[in-house]
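Summary of structural features
What follows is each chain in one-letter form.
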Amino acid sequence: MSSKKAGVLFQDTPEQKQKLEEIIASHKGQPGALMPVLQQAQDVYGYLPYEVQATIAEGLDIPLEEVYGVVTFYAQFSLYPKGQYKISVCLGTACYVKGSGDIYDKLQQKLGIKGGECTPDGKFSLDACRCIGACGLAPVMTVNDEVYGKLLPDDIDDILAKYGV
Amino acid sequence: MEMVNLKVNNIPVSVAPGTTVLEAARQAGVQIPTLCYLKDINEIGACRICVVEVKGARGLVTACVYPVTEGMEVFTNTKKVRDARRGNLELLLSCHDKNCLACVKSGQCEFQKLCKDYGVEDVDAFKGERIQYEIDDSAPHMIRDNNKCILCRRCAAVCRKWQDVGVIGANERGFNTNISCAFETPLGETSCVSCGQCIVACPTGALSEKDQTKEVWDALADPEKVVLVQTAPATRVTIGEAFGMPIGTNAEGKMVAALRRLGFAKVFDTNFAADLTIMEEANELVERIQNGGALPMITSCSPGWIKYCEHYFPEFIPNLSTCKSPQQMFGAVAKTWYAKQIGVDPKNIVMVSIMPCTAKKFEVGRDNESAAGVPDVDIALTTRELARMIETAGLDFTSLPDEDYDAPLGIDTGAGLIFGATGGVMEAALRTAADWLTGGNASGDALVYSDVRGTEGIKEATYTIGDLTLKVAVCSGLANAKKVLRAVKEGKADYQFIEIMACPGGCVNGGGQPFQPASVRNFVDLKALRAKALYNTDATMELRKSHENPAIKKLYEEFLEKPGSHVAHEVLHTSYVARPKY
């Protein structure tokens, strides 16, 4: 069994830390406090790593597992930060029938992460997205603002090489 | 009170407002099957096995959470209902490891029974994608196999609501939903307290104790080893359940006979060590009160509670009695004093214990529990594992003769016996303290401390013994322990002595006890019936005070000198360590 605790190295600023404490304090004791606290905490950190969830669990006096259960239930919450290069693969209908599933699989395999995760060096994050309006180029992926279309799995190596893989 | 009138399968019944269809049906003598439902703990209507037809309702309704209304007509056994239940079972089976022949729960599995009852013929009716889960065997006491999990959440509910631990719960969503720990951390690396309440709540074989019966069989077959066994107070009043005896039967004599036939060299009683615990703990309490030690003093018999304290309330570690638990005291005495008596090297003694508890499997591996330089106890089996060994050996348990424990470590008192129920340790301690502090010799009704008896989660009492006024609390279930500890911490309570047991109701309701399906647990107070068997036996015993146990007296004369002596500390006391919460 492997834990998802260890991901990208977590570092927070004193400002972030203080902000989180304020968020917890303002909701403590209220019924249903967890959702707003998680939403606001994600606004502060961009994601909800182990350290942030443990602080919330302790602050709201609820088990860490309950926090984690809610975080993994809702798609809006992320356990991982976004990388320096944000890769999105369109799994919308047109791209999917044109084979974007294979592109997505290839990226997961090459980067050694699953969708939604970030490489431990913080360089790449990978997500699936819905239609980006470039169906004529299907299947498409984006790296930050750069769009790559009419992809084949074999194109992935060359594209990643441009970003230093 | 205005009653609600309804008909269940055309049988008229009047029930209180707010009653569920499930309970109303029961009052009409109609059983509705359930799977995810645990009364007061897990009422989520998720598994949809309890569906019934209600005249006028749009679809089938879940009886476990559906409240009754005036004039309601309920039908629990129509074709539509039976087909729906069977369909739901087939859907659950589509993601279930159907290796029933080799499953530890086979024959006692609630899911298996329902499949049989509802005539599921094709176990692959909905064959499709399945997630293969890794088996989590990281904890010393249990195994989690999510391939057999049906997501009823009964385990998560007891962990969170009874124990206020909440280390397991539902993660992810939809098809990926699974019961696991935060961040998929292996259970053994979390702040799980090993109480095993999740195991007895599980309707399938997804959760089970780590079976160590093979190790015991191997030891019994080894001619070099002297294999001793001790049985905890609460095991004798539950072992019979595994062989169809009524709940609350004291089957002590048959259990002793069975252990002897399994081949143990001597069959001893943890009750003896419970008496020894009282000698040391009562002395420790008096010393703390006289010398200004840390108060309140808190009992240390329950390893689930100890682990909870170390993870969640480390600031109370100085308050924990330094006494080892009875299991460990027993092993310590067996491998020091008794080993010398019989002239056997402690290295060649295999100390097996039969416990109502899964946390005992964790406890045997604790530091500073090796009085003879080897672990005090080698293998802690649950009551269930003993039942399994008895079945393997082909013993007809209910026909066995009643036999007595071996001397000297099988000699006990009623005080040691009632350790198995919440309040028992407190009462045993009070019996001894009363005689010691007043120089008296109480007997009969004066030995009954009814304020600390009963199955309530938190009990309080104040006793005046000689010059001493003793304010005590007794709690069972860790959610209750948390409340009491918070009150002490905030200065809202000033007890001198607190008894805490991890499991609700104490050891009689331990995580290692025989399975009872939810259909029994929801309507019978298991812990009360089992405890009653202990108290009834105590009332008939000649010796009911620990300090009157002749074997204990002899042990102090020959070896331990007096309670709290240097040698007693070396052999019978231990230490604790703060553990991380996350």
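On a predicted model such as this, the values are computed, not experimentally measured, just so you know.

Definitions and limits used
- Residues numbered from 1 in each chain as written.
- Chains lettered and ligands numbered in written order.
- Predicted model: local features only at pLDDT ≥ 70, side-chain atom pairs only at ≥ 80, totals over all residues.
- Helix = DSSP H or I, 4+ residues; strand = E, 2+ residues; numbered from the N terminus.
- Contact = placed C-beta atoms within 7 Å.
- Rg over C-alpha atoms; globule rule 2.2 N^0.38 Å.
- Buried ≥ 20, exposed ≤ 12 C-beta atoms within 10 Å, placed from the backbone.
- Domains from an automatic or database assignment.
- Pairing = 2+ DSSP bridges.
- Axes fitted to C-alpha atoms, helices over the stretch in contact; angles between N-to-C directions.
- Parallel < 35°, antiparallel > 145°, perpendicular 65-115°, else oblique.
- Left-handed = near helix turned anticlockwise from the far one by under 90°.
- Nonpolar A, V, L, I, M, F, W, Y, C, P; charged D, E, K, R; others polar.
- Core = buried A, V, L, I, M, F, W, Y, C linked by C-beta atoms within 7 Å.

A tally of regular secondary structure across chain A gives seven helices and four strands. Listing the helices and strands of chain A from first to last along the sequence gives α-α-α-α-β-α-α-β-β-β-α. Based on the C-alpha atoms only, the size of chain A along its principal axes is roughly 55 × 35 × 30 Å. For chain A, long-range pairs separated by at least 24 residues make up 61% of all intrachain contacts whose partners lie at least 6 apart in sequence.

Our next topic: the overall build of chain B. Scanning chain B from N- to C-terminus turns up 19 helices and 17 strands. In terms of overall dimensions, chain B is globule-like: its C-alpha atoms have a radius of gyration of 25 Å, near the 25 Å expected for 582 residues. Overall, the C-alpha framework of chain B stretches about 75 × 60 × 50 Å when taken along its three principal axes. Scored against the burial criterion, the 582 residues of chain B give a buried share of 52%. Considering only residue pairs separated by 6 or more positions, chain B has 74% of its internal contacts joining residues 24 or more positions apart.

The next thing to look at is the domain arrangement of chain A. Annotation of chain A at the domain level lists domain 1 (14–73) and domain 2 (85–162). Taken over C-alpha atoms, the centre of domain 1 of chain A sits 31 Å from the centre of domain 2 of chain A.

To continue, consider the pairing of strand β15 (residues 458–465) of chain B. The sheet contact formed by β15 of chain B and strand β16 (residues 468–476) of chain B spans eight bridges and is antiparallel. By the bridge assignment for β16 of chain B, K459 of chain B is matched with V474 of chain B.

What follows concerns unusual backbone geometry. Residues A138 of chain A and P139 of chain A are joined by a peptide bond in cis, for which omega reads -5°. In this structure, P139 of chain A sits in the loop between β2 (124–129) and β3 (141–143). Going from A407 of chain B to P408 of chain B, the amide bond is cis rather than trans, its omega being -5°. Relative to the helices and strands, P408 of chain B resides in the loop between α12 (383–392) and α13 (414–417). The phi torsion at D164 of chain B lies on the positive side, around 50°, for a residue other than glycine. Relative to the elements of secondary structure, D164 of chain B occurs in the loop between α4 (154–162) and β7 (169–171). The class of D164 of chain B is partly exposed, set by 19 C-beta atoms lying within 10 Å.

Okay, the packing of helix α3 (residues 50–60) of chain A against helix α4 (residues 64–73) of chain A next. All names here are of chain A. Relative orientation of the contacting elements α3 and α4 amounts to 125°, with a least axis distance of 8 Å. Relative to α4, α3 is oriented oblique. For α3 against α4, the interelement crossing comes out right-handed. From α3, Q53, A54, I56 and A57 reach across to α4, where they touch L64, V67, Y68 and V71. In terms of residue class, the contact of α3 with α4 is built from seven nonpolar, one polar and no charged.

All names here are of chain B. Under the domain assignment, chain B is made up of domain 1 (4–77), domain 2 (93–209) and domain 3 (224–572). Measuring from the centre of the C-alpha atoms in domain 1 to the corresponding centre in domain 3 gives 42 Å. Facing five residues of domain 1, the contacting portion of domain 3 comprises four residues. Here the residues of the side of domain 1 that touches domain 3 are counted per class, giving two nonpolar, one polar and two charged.

This part is about the sheet that holds strand β2 (residues 11–15) of chain B. Residues and elements named next belong to chain B. The strand order across the open sheet formed by five strands is β2-β1-β5-β3-β4, and the pairing between neighbours is mixed. Unpaired on one side and paired on the other, β2 and β4 (61–62) mark the two borders of the sheet. In the sheet, strand β1 (residues 4–8) pairs with strand β5 (residues 73–75) via two bridges, with the strands oriented parallel. Paired with V8 across the two strands is V74, which belongs to β5. Strands in contact with helix α2 (residues 79–93) are β3 (51–54) and β5; relative to β3, the strand with the most contacts, it is inclined by about 155°.

The next thing to look at is the packing of helix α1 (residues 14–27) of chain A against helix α2 (residues 34–45) of chain A. All names here are of chain A. Contact geometry of α1 with α2 gives a least axis separation of 10 Å together with a crossing angle of 165°. Regarding the angle of α1 to α2, the classification is roughly antiparallel. Where α1 crosses over α2, the two elements pack in a sense that is right-handed. Here α1 contributes Q16, K19, L20, I23, I24 and H27 to the contact with α2, which in turn contributes P36, V37, Q40, A41, V44 and Y45.

The next subject is the environment of P67 of chain B. Residue and element names in this part refer to chain B. Examined against the element boundaries, P67 turns out to sit in the loop between β4 and β5. The spatial distance from the C-alpha of P67 to the C-alpha of T19 is 5.6 Å, given a sequence separation of 48 residues. If near-sequence neighbours (up to four positions away) are discounted, P67 is found in contact with G18, T19 and T20.

Our focus in this paragraph is the nonpolar core. Residues C155 and V333 of chain B are the most contacted members of the largest nonpolar core, which totals 192 residues. Beyond its immediate chain neighbours, meaning those up to four positions away, V333 of chain B contacts A273, Y338, L555 and V571 of chain B. If you look at the next biggest cluster of nonpolar residues, it comprises 16 residues, including Y104, L126, V140 and I156 of chain A.

In this complex, chain B contributes 19 residues to the contact, which on the side of chain A involves 14 residues. Residue contributions to the side of chain B that touches chain A peak at three residues, all from β7 of chain B. Of the residues that constitute the side of chain B that touches chain A, the class distribution is eight nonpolar, five polar and six charged.

We now examine the pairing of β3 of chain B. Residues and elements named next belong to chain B. Looking at chain direction, β3 and β4 are connected through two bridges and run antiparallel. Each residue of the ladder has a partner; that of V52, found in β4, is V61. Hairpin connection of β3 to β4: six residues between the antiparallel strands, including G56 at a positive phi of 95°. Pairing geometry for β3 and β5, over two bridges, is antiparallel. Paired with V54 across the bridge in β5 is V74.

Hydrogen bonds between backbone atoms are what pair the strands of a sheet, whose relative direction is either parallel or antiparallel. Residues and elements named next belong to chain B. Spatially, four strands are ordered β11-β10-β13-β14 in an open sheet, and the strand pairing comes out parallel. At either end of the open sheet lies a strand with only one pairing partner, and these are β11 (266–269) and β14 (379–382). For this sheet, the mean inter-axis angle between neighbouring strands, taken without regard to orientation, is 25°. Relative to strand β13 (residues 349–355), strand β10 (residues 226–231) runs parallel, the two sharing six bridges. Within β13, the position partnered with Q230 by the bridge is S353. The strands that helix α8 (residues 270–291) touches are β10, β11 and β13; relative to β11, the one it contacts most, it runs at about 40°. Docked against the sheet, α12 engages β13 and β14, running at close to 85° with respect to β14.

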